[in-house]
Amino acid sequence: MATVKEEQEAREHAVRRIEREKPALEFGSAWDYAPAPESRDHLRLEERYGLFIGGKFVAPKSKKYFETVNPATEETLAQVAEAGPADVDAAVTAAEEAYRKRWSRLKPADRGKYVYRIARLLQEKSRELAVLESMDGGKPIKESRDVDVPLAIAHFFYHAGWADKLEYAFPRHTVSPIGVCGQIIPWNFPLLMAAWKIAPAISCGNTVVLKPAETTPLTAMLLAEVCQEADLPPGVVNILPGAGETGAALVNHARVKKIAFTGSTDVGKIIQRATAGTGKRLTLELGGKAANIVFEDAPIDQAVEGIINGIYFNQGHVCCAGSRLLVQESIADTVLQKLSDRIATLRMGDPLDKNTDVGAINSKMQLDKIRELVACGVEEGAELHQSSCAIPPKGFWFPPSFFTNVAQSHRIAREEIFGPVLTVMTFRTPDEAIEKANNIPYGLSAGVWTDKGSKIFQITQKMRAGVVWANTFNKFDPTSPFGGYKESGFGREGGVHGLRAYVELG
Ligand code: NDP
């Protein structure tokens, strides 16, 4: 029987390293990127953060704190309070009081002004928020600066506009809020997910208790400070960092009227069981395994950029990542060669460096999960291609990779790896592409690349996915609803559809 070391060596042999091609003209190191680190001097980090309840930071009744670390350096950034069941109860009570006495009675236009004020304050602090998001979560600063933070702000602006126009969103209905909403978010887009949840809820007149993910609570703490600065009535937004048990206590709290959850399908199922028969409203935004379909008539260079953006954006920690590439057989060799060439140019490293393309894996736990699934892919007979980029000495890293020789039945083709790992399969006809794309328990997103507009309409109509991008990937906008089918959950966030989850219609 092979030892663990022998097995590891065998796996190493199976990897095809993607090396950067030697340029035709040799410039030595003259064209290398100089380091361009974003400064963290302007960031004020507290040593310890309490729970944000009733407009104040308070010590947890649980008396527990946990550390949040920078996944790129493993340095401890801060201690954060962990909310227990008594804290959840205190936050729900604060939210309920704020709902009854203030928020649901406020003129909708005034509600909108508060939400607008939050958006403006976030805008003022956008640099601080971007740096903190990259430090706490590991994502490259160019993504937190250009995607996460501006989109989070856009969600507040957009929903501020709806606050006094809800009767136009739902004509011929009386529109009223629901009450206290419990909201649980993951670690891949911490501030953005908080904005997706809080902005529509409070704009519609509800109050919220939000639980950020255990590994990324810090931008939510800054958002709590913004709520204070905006003079938001105490208790309208409550933020409770904590672990899975905190989330479970929130889900099971009797006076919470609605749960909005984004995270894994497994936890989504637990929550669905827990809320069944309670009368609580529920929206679930869960996992995905999106097909990114490239036809032979596609603009190939653009498609390769779309593939890169689809899977290596945010280290592949994206529920709607284009993690299954389906490429038409006639162009597969060309696409794979171009993909390898492009991967060889991706820079992995310090998330605060403005030239970094691929940052750190969010946690040791997630890194272990990626490694386990990748090892399983190799064992099942798929061929692993991996960037030969340098791995920083500290922190959690996984180089951009893709698998060929993948069968539909492989675990790597069916399960969410949630890392920078793409699986590549081929197809011959459009029907085969659709069949393969839909043959999965998930249905969150998909991509189609072709030169023909008619083919886009033909294919996208047959895709069982909540969002289908055509000749682009991973594009988000607060006006556009987002959500899934099948095991990717139900309910929509964003746009008019997203408001529906936060109102009662009479
Ligand atoms: P989880 O689904 O466990 O976490 C999402 C959120 O739910 C976190 O705030 C988490 O808290 C909380 N939570 C955990 N258990 C419960 C519970 N029983 N009741 C209520 N809330 C709970 O995802 P993980 O972070 O564990 O990631 C596991 C896998 O899930 C990933 O590898 C990835 O495949 C997938 N995932 C998918 C996401 C998506 O957007 N589709 C997002 C994140 C993960 P805490 O952080 O303290 O555990």
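This text follows the structure it describes.
Computed from a predicted model, the values in this text were never measured in an experiment.

Cut-offs applied
- Residues numbered from 1 in each chain as written.
- Predicted model: local features only at pLDDT ≥ 70, side-chain atom pairs only at ≥ 80, totals over all residues.
- Heavy atoms only, no water.
- Helix = DSSP H or I, 4+ residues; strand = E, 2+ residues; numbered from the N terminus.
- Buried < 20%, exposed > 50% of the residue type's maximum accessible area, 1.4 Å probe, protein only.
- Near = heavy atom within 4 Å.
- Polar contact = N/O pair within 3.5 Å; in protein donor to acceptor, adjacent residues only side chain to side chain.
- Areas by Shrake-Rupley, 256 points an atom, 1.4 Å probe, with all protein chains shown as cover.
- Arc of directions from axis to C-beta.
- Pairing = 2+ DSSP bridges.
- Core = buried A, V, L, I, M, F, W, Y, C linked by side-chain atoms within 4.5 Å.
- Domains from an automatic or database assignment.
- Contact = heavy atoms within 4.5 Å.
- Disulfide = S-S within 2.5 Å.
- Axes fitted to C-alpha atoms, helices over the stretch in contact; angles between N-to-C directions.
- Parallel < 35°, antiparallel > 145°, perpendicular 65-115°, else oblique.
- Left-handed = near helix turned anticlockwise from the far one by under 90°.
- Nonpolar A, V, L, I, M, F, W, Y, C, P; charged D, E, K, R; others polar.
- Expected span 1.5 Å × (residues − 1).

**Student:** What is the right way to look at the environment of Trp 162 in this model?
**Tutor:** Tracing the sequence through the fold places Trp 162 in helix H5 (residues 141–162). What makes Trp 162 buried here is its relative accessible area of 16%. In this structure, the C-alpha to C-alpha distance between Trp 162 and Val 88, residues 74 residues apart in sequence, is 29 Å.

**Student:** Please explain the site of the ligand as it appears in this structure.
**Tutor:** Taken together, 27 residues are adjacent to the ligand, and Ile 185, Trp 187, Ser 264, Leu 286 and Lys 369 come closest. Ile 185 places a main-chain nitrogen or oxygen 2.8 Å from an oxygen atom of the ligand. In this structure, a nitrogen atom belonging to the ligand sits 2.8 Å away from a main-chain N or O atom of Leu 286. Contact with the protein chains covers 87% of the free accessible surface of the ligand, which is 850 Å². Among the elements of the structure, helix H9 (244–251), strand S11 (258–262), helix H10 (265–275) and helix H13 (364–379) are those that each provide at least two residues to the shell around the ligand.

**Student:** Even after reading the chapter, I still don't get helix H15 (residues 430–438), so can you show me in this structure?
**Tutor:** Because each turn of an α-helix spans 3.6 residues, side chains separated by three or four positions end up pointing in the same direction. Every buried residue of H15 is accounted for by Ala 433, Ile 434 and Ala 437. Looking straight down H15, one finds its buried side chains confined to an arc of 95 degrees; they lie on one side. What points out from H15, more than 90 degrees from its buried face, is the exposed set Asp 431 and Glu 435.

**Student:** Got a minute to help me understand the sheet that holds strand S6 (residues 76–81) in this structure?
**Tutor:** Hydrogen bonds between backbone atoms are what pair the strands of a sheet, whose relative direction is either parallel or antiparallel. Pairing within the open sheet is mixed, and its three strands lie in the order S2-S6-S5. If you trace the sheet from one side to the other, it starts and ends with strand S2 (48–49) and strand S5 (65–69), each paired once. In this structure, S2 lies alongside S6, joined through two bridges in parallel fashion. By the bridge assignment, Tyr 49 is partnered in S6 with Val 80.

**Student:** What exactly am I supposed to notice about the nonpolar core here?
**Tutor:** As a rule of thumb, nonpolar side chains are buried together in soluble globular proteins. In this structure, Ile 118 and Phe 156 are the most contacted members of the largest nonpolar core, which totals 111 residues. Top contributing element to this core by residue count: helix H7 (residues 190–203), with ten residues. Two domains each donate at least three residues to this core, and these are domain 1 (4–32 + 288–470) and domain 2 (48–104 + 173–286 + 485–505). Other than its neighbours up to four places away in sequence, Phe 156 contacts Val 115, Ile 118, Ala 119, Leu 122, Ala 195, Ile 198, Ala 199 and Leu 223. Counting residues in each nonpolar core, the second largest holds 31 residues, with Ile 293, Leu 384, Met 463 and Ala 465 among its members.

**Student:** Help me understand the environment of Tyr 485 in this model?
**Tutor:** The residue Tyr 485 is located in strand S21 (residues 485–486) in this model. Between the C-alpha atoms of Tyr 485 and Tyr 442, which are 43 residues apart in sequence, the distance is 6.8 Å. When neighbours within four sequence positions are excluded, Tyr 485 is seen to be in contact with Tyr 442, Gly 443, Arg 464, Ala 465, Gly 466 and Arg 492.

**Student:** How should I be thinking about the state of the cysteines in this particular structure?
**Tutor:** Here a disulfide denotes a covalent bond joining the sulfur atom of one cysteine to the sulfur atom of another. Counted by the stated rule, this structure contains zero disulfides. Lacking any disulfide linkage, Cys 204 is separated from the closest cysteine sulfur, that of Cys 181, by 8.9 Å. On the basis of relative accessibility, which here comes to 2%, the residue Cys 204 falls in the buried class. With no disulfide of its own, Cys 227 lies closest to Cys 181 among cysteine sulfurs, the gap being 15 Å.

**Student:** Looking at this structure, how should I read the packing of helix H2 (residues 85–101) against H9?
**Tutor:** For any two helices packed against each other, the geometry comes down to the angle between their axes and how far apart the axes lie. In contact at an axis separation of 9 Å, H2 and H9 are set at 45 degrees when each is read in the N-to-C sense. Accordingly, the angle class assigned to the pair H2 and H9 is oblique. For the pair H2 and H9, the crossing hand works out as right-handed. Across the interface between the two elements, Pro 85, Val 88 and Val 92 of H2 pack against Thr 246, Ala 249 and Leu 250 of H9. Of the residues contributing to the contact of H2 with H9, the split by class is five nonpolar, one polar and no charged.

**Student:** Teacher, can you tell me more about helix H11 (residues 300–312) here?
**Tutor:** Compared with an ideal rise of 1.5 Å per residue, which puts 13 residues at 18 Å, H11 spans 18 Å between its outermost C-alpha atoms and is within 8% of the ideal. Those residues of H11 that sit buried are Ala 303, Val 304, Gly 306, Ile 307, Ile 308, Gly 310, Ile 311 and Tyr 312. Within two residues after H11, Asn 314 carries a phi angle of roughly 55 degrees, on the positive side.

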